[in-house]
Amino acid sequence: QVHLVESGGGMVQAGGSLRLSCAGSGIIVSTYAVGWIRQAPGKEREFAAAINWSDGSTSYADSVKGRFTISRDNAKVYLQMNSLKPEDTAVYYCAGRRLFLSTAPNLYDSWGQGTQVTVSS
């Protein structure tokens, strides 16, 4: 059974940076993909970034492209968030699925508990 745990959220001023981490267990890394999905208050879950563990290929939402970087190392996936904006405020979830990354949140079947990111103006 896959188990994902996020860490690294917090509060930062606009323009600042945060790095989120996702630690995974029970994953066969050669056949797995991990995404960062976020949910702002009163809004639906929104894809932010994802990575295929096998070859490191990535995908980003247009809203974060050029500011966020997803990477993986051993059994962890990271989301480096730079130039943060108030509209990035959300709960960020690490989510996993077999085989290849997806930009559709509903196609991920393993989820962490989420970590809050708050960006003040």
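For the structure, check the block above.
Overview of the structure.

Here is what the cut-offs are and how they apply
- Residues numbered from 1 in each chain as written.
- Predicted model: local features only at pLDDT ≥ 70, side-chain atom pairs only at ≥ 80, totals over all residues.
- Heavy atoms only, no water.
- Pairing = 2+ DSSP bridges.
- Helix = DSSP H or I, 4+ residues; strand = E, 2+ residues; numbered from the N terminus.
- Axes fitted to C-alpha atoms, helices over the stretch in contact; angles between N-to-C directions.
- Buried < 20%, exposed > 50% of the residue type's maximum accessible area, 1.4 Å probe, protein only.
- Core = buried A, V, L, I, M, F, W, Y, C linked by side-chain atoms within 4.5 Å.
- Contact = heavy atoms within 4.5 Å.
- Phe/Tyr/Trp six-rings, centres within 6.5 Å; stacked < 30°, edge-to-face > 60°.
- Disulfide = S-S within 2.5 Å.

A word on the sheet that holds strand β8 (residues 76-81). Pairing in this open sheet of four strands is antiparallel, and the strands run β1-β3-β8-β7 from one edge to the other. Across the chains shown, the open sheet's two edge strands, defined by having one partner strand only, are β1 (3-7) and β7 (68-73). Neighbour-to-neighbour, the strand axes of the sheet open up by a mean angle of 15°, direction not taken into account.

What follows concerns the pairing of β1. By the alternation rule, side chains of β1 split into Leu4 and Glu6, which are all buried, and His3, Val5 and Ser7, of which none is buried. As defined by bridge partners, β1 adjoins strand β3 (residues 18-25) across five bridges and the pair is classed as antiparallel. Along β3, the bridge assignment pairs Val5 with Ala23.

Membership of the largest hydrophobic core comes to 31 residues, with the highest contact counts inside it found for Trp36, Val77, Leu79, Met81 and Tyr92. If near-sequence neighbours (up to four positions away) are discounted, Leu79 is found in contact with Leu18, Arg19, Leu20, Trp36, Ala49, Phe68, Thr69, Ile70 and Tyr92.

To continue, consider the packing of aromatic side chains. Overall, the coordinates contain one aromatic pair when judged by the stated rule. Ring centres of Tyr93 and Trp111 lie 5.9 Å apart, and the angle between their planes is 75°; on these two criteria the pair is classed as edge-to-face. Of this pair, Tyr93 sits in strand β9 (residues 90-98) while Trp111 sits in strand β10 (residues 110-111), and the two are 18 residues apart along the sequence. When its relative accessible area of 14% is taken as the criterion, Tyr93 is described as buried. Residue classification places Trp111 among the partly exposed residues on the basis of a relative accessible area of 28%.

If you trace the backbone, Trp53 turns up in the loop between β5 (46-52) and β6 (58-60). Note: C-alpha distance between Trp53 and Thr31 (22 residues apart in sequence) is 7.2 Å. Apart from residues lying up to four places away in sequence, Trp53 is in contact with Ile27, Val29, Tyr32, Ala33, Val34, Arg72, Asn74, Ala75, Lys76 and Val77.

This paragraph deals with the state of the cysteines. Disulfides are covalent bonds that link the sulfur atoms of two cysteine residues. For the structure on display, the rule yields one disulfide. In this model Cys22 forms its disulfide with Cys94; the gap between the sulfur atoms is 1.9 Å. On the sign convention where negative means left-handed, the S-S torsion of about -65° between Cys22 and Cys94 marks this disulfide as left-handed. Of the two residues, Cys22 is situated in strand β3 and Cys94 in strand β9; the sequence distance between them amounts to 72 residues. Just as Cys22 is buried, Cys94 falls in that class too.

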